[in-house]
Amino acid sequence: MSSQDSRSTIHIPGTTSHTIPPRSGREGQLRYLEAGTGAPVVLLHTVRTQAEHFRNLIPLIADRYTVYALDLPGMGYSEIVPGASYDEPAMRAGVERLLTELGLQDVTLVGESMGAVLALTAAADLPERVRRVVAVNAYDFPGGIARSGLLARVVVSGVLAPGVGPVIAGVEPKPALRKILEGGLGDRSALREDYVDELLRVGGRPGYPAVARAVYQALPSLIAARSRYPEVKAPVHLVYGEKDWSRPSDREANRRLLPAAEFTQVPKAGHFIALERPDVLADLLNAAA
């Protein structure tokens, strides 16, 4: 089941790359990174990124946890299956495959953005396996990345447009991608050039533009998934960047759905806290190890 994967241009010290084979023709092979020793923590990345999104966090927690950073279905170096769904239930199924195929128990699920939604809904589905959820900047509100700025709104609208959408999804100039990602950061210096290059490399995989378009089309399913939050039995910690794309009303709505949840707002941080303030997440996790 394990195989070394050297395709990524970014190597995180102490990590190895592995795959989980599909169980049927409707599923694709999943790729994940593993590092460290201790109780399992599973990291779930944001829209349009991959397991390397957690490059700065993994070394900070690997001495207390066995870390599993998943490439969500069709993203990163997980297999692209033509015609596959990329709505919230399909993405969640990929997360649950990781937990069940590896036999993980007493798991801490940490998700950022789309990954935060999936961490919460997977915890609702598998209460016997999940110990705790850390949901960072949950991407469960209308607009999403389009709130990053004018360029993001134009690009996302174009990707979703009938007819020309698939063409626009396949055109991703480096300056445009960098500008959109910078719109999710309080500290723009946290976006490293080699990471942008890696995302562009993955974006050039055959079939990836269709995946990217399908993920944006699936945003309503992430919003709908909020109805599952009250089902989560594990303790939850909601984390938001002060400058996240979510509005105060979005955050308060989730606090009402999860009244027992702990809440942290990170000053001056944006949507991609794992990139700019991994120390905050590491402190939360290591304190509970």
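- The name given to the protein in an unreviewed UniProt entry is Soluble epoxide hydrolase, and the organism recorded there is Streptomyces griseorubiginosus.

**Some points on the pattern of salt bridges**
At step 1: Counted under the stated rule, the structure contains 17 salt bridges.
At step 2: For Asp125, the salt bridge is made with Arg92, and the minimal N-O distance between the two is 2.8 Å. One end of the pair, Asp125, is in helix α3 (residues 114–125); the other, Arg92, is in helix α2 (residues 88–101), with 33 residues separating them in the sequence.
At step 3: A relative accessible area of 29% means that Asp125 is categorised as partly exposed.
At step 4: Assessed through its relative accessible area of 12%, Arg92 is described here as buried.
At step 5: For Glu193, the salt bridge goes to Lys174, with nearest N and O atoms at 2.8 Å. Of the two residues, Glu193 is situated in helix α7 (residues 193–203) and Lys174 in helix α6 (residues 174–182); the sequence distance between them amounts to 19 residues.
At step 6: Judged by its relative accessible area of 24%, Lys174 is partly exposed.
At step 7: Beyond isolated ion pairs, a larger network of salt bridges with shared partners links Glu88, Arg92, Asp125, Arg228 and Glu231.

**Things to note about the pairing of strand β5 (residues 107–112)**
At step 1: Among the 6 residues that make up β5, 6 are buried, leaving the element largely enclosed by the rest of the structure.
At step 2: Side chains of β5 alternate between two faces, with Val107, Leu109 and Gly111 and Thr108, Val110 and Glu112 buried alike.
At step 3: As paired elements, strand β3 (residues 39–44) and β5 share 4 bridges and run parallel to each other. Paired with Leu43 across the strands is Val110, a residue of β5.
At step 4: Relative to strand β6 (residues 130–136), β5 runs parallel, the two being bridged by 6 bridges. Looking across to β6, one finds that Thr108 is bridged to Arg132.

About the thresholds
- Residues numbered from 1 in each chain as written.
- Predicted model: local features only at pLDDT ≥ 70, side-chain atom pairs only at ≥ 80, totals over all residues.
- Heavy atoms only, no water.
- Salt bridge = Lys/Arg side-chain N within 4 Å of Asp/Glu carboxyl O.
- Helix = DSSP H or I, 4+ residues; strand = E, 2+ residues; numbered from the N terminus.
- Buried < 20%, exposed > 50% of the residue type's maximum accessible area, 1.4 Å probe, protein only.
- Pairing = 2+ DSSP bridges.

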